[in-house]
Amino acid sequence: MTKPVYILGLAYSGNHESAVALLKDGVIIEAFEEERFTRVKFDRSFPSHSIAFCLEKAGITIHDISHAGFFWRPWHGIAKRIFYAVVGLPYSLSRSGHNAGIIFDLISAERVFRRETGYAGSFHFIEHHLTHAASSFFSSPFEKAAILSIDGAGETTTCWIGKGDNTTLTNYKK
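Small disclaimer: the values here were computed from a predicted structure and weren't measured.

How each quantity is defined
- Residues numbered from 1 in each chain as written.
- Predicted model: local features only at pLDDT ≥ 70, side-chain atom pairs only at ≥ 80, totals over all residues.
- Heavy atoms only, no water.
- Pairing = 2+ DSSP bridges.
- Helix = DSSP H or I, 4+ residues; strand = E, 2+ residues; numbered from the N terminus.
- Phe/Tyr/Trp six-rings, centres within 6.5 Å; stacked < 30°, edge-to-face > 60°.
- Buried < 20%, exposed > 50% of the residue type's maximum accessible area, 1.4 Å probe, protein only.
- Axes fitted to C-alpha atoms, helices over the stretch in contact; angles between N-to-C directions.
- Contact = heavy atoms within 4.5 Å.

A few words now on the pairing of strand β1 (residues 6-11). Relative to strand β2 (residues 19-24), β1 is paired through 6 bridges, and the arrangement is antiparallel. Within β2, the residue paired with G9 across the bridge is A21. In this sheet, strand β4 (residues 65-70) lies alongside β1 in parallel orientation, the contact comprising 5 bridges. Its bridge partner lying in β4, L10 is registered against F70.

Counted by the stated rule, this structure contains 14 aromatic pairs. Look at F46 and F113: their rings are 6.4 Å apart centre to centre, the planes differ by 40°, and that puts the pair in the tilted class. With F46 in the loop between α1 (35-38) and α2 (48-58) and F113 in helix α5 (residues 109-117), this pair connects stretches of sequence that are 67 residues apart. Of the two residues, F46 and F113, neither departs from the other in class, the shared state being buried. Pairing F70 with F71 gives two aromatic rings, centres 4.9 Å apart and planes at 65°, and the pair type is edge-to-face.

Attention shifts here to the sheet that holds strand β5 (residues 122-125). To summarise the sheet geometry, strands pair through backbone hydrogen bonds and adopt either a parallel or an antiparallel arrangement. Read across the open sheet, the 5 strands follow the order β3-β2-β1-β4-β5; overall the sheet is mixed. Each edge of the sheet is formed by a strand with only one pairing partner; in this case those strands are β3 (27-33) and β5. Strand-to-strand, the axes of this sheet are offset by a mean angle of 20°, without reference to chain direction. Sheet contacts for α2: β1, β2, β3 and β4; angle to β3, the most-contacted strand, approximately 145°. Packed onto the sheet, α5 meets β1, β4 and β5 and runs at close to 150° relative to β5.

In structure tokens, the structure reads:
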């Protein structure tokens, strides 16, 4: 009997609510938003309650997690964001402190996760729109599907179009 592969998907920091999904051998077995525990609407804090609850419900510890994935690649597209901040002067100055804080939170996500949980395994930064595409396709009953993700922001784009085919997602050219 082979050991199950557990993957912990994480969303926190930035402009998104904190949430966690736990997969066992590629199947979602638990998923929770932190606001369900804290009763703070749109809670963006570190999802400690959600992580603990998912692990407890699955009967595992953080050391059983093979991979942890985070919903953003903070360094990807940073030159483009800097360009638009410069082009948008002087208006962009009013938002620069807010945006700098978000970027710092996203960049420090791995360090914070490891510090808060004691996790020592593999940590992955995943393209934002790919996380949307994966969550909708892999939780659907379909083996094949066209996928469209439209969001206010991603690392470099506001939309993603591609296809899902069994266990594979393919992005069409942008």
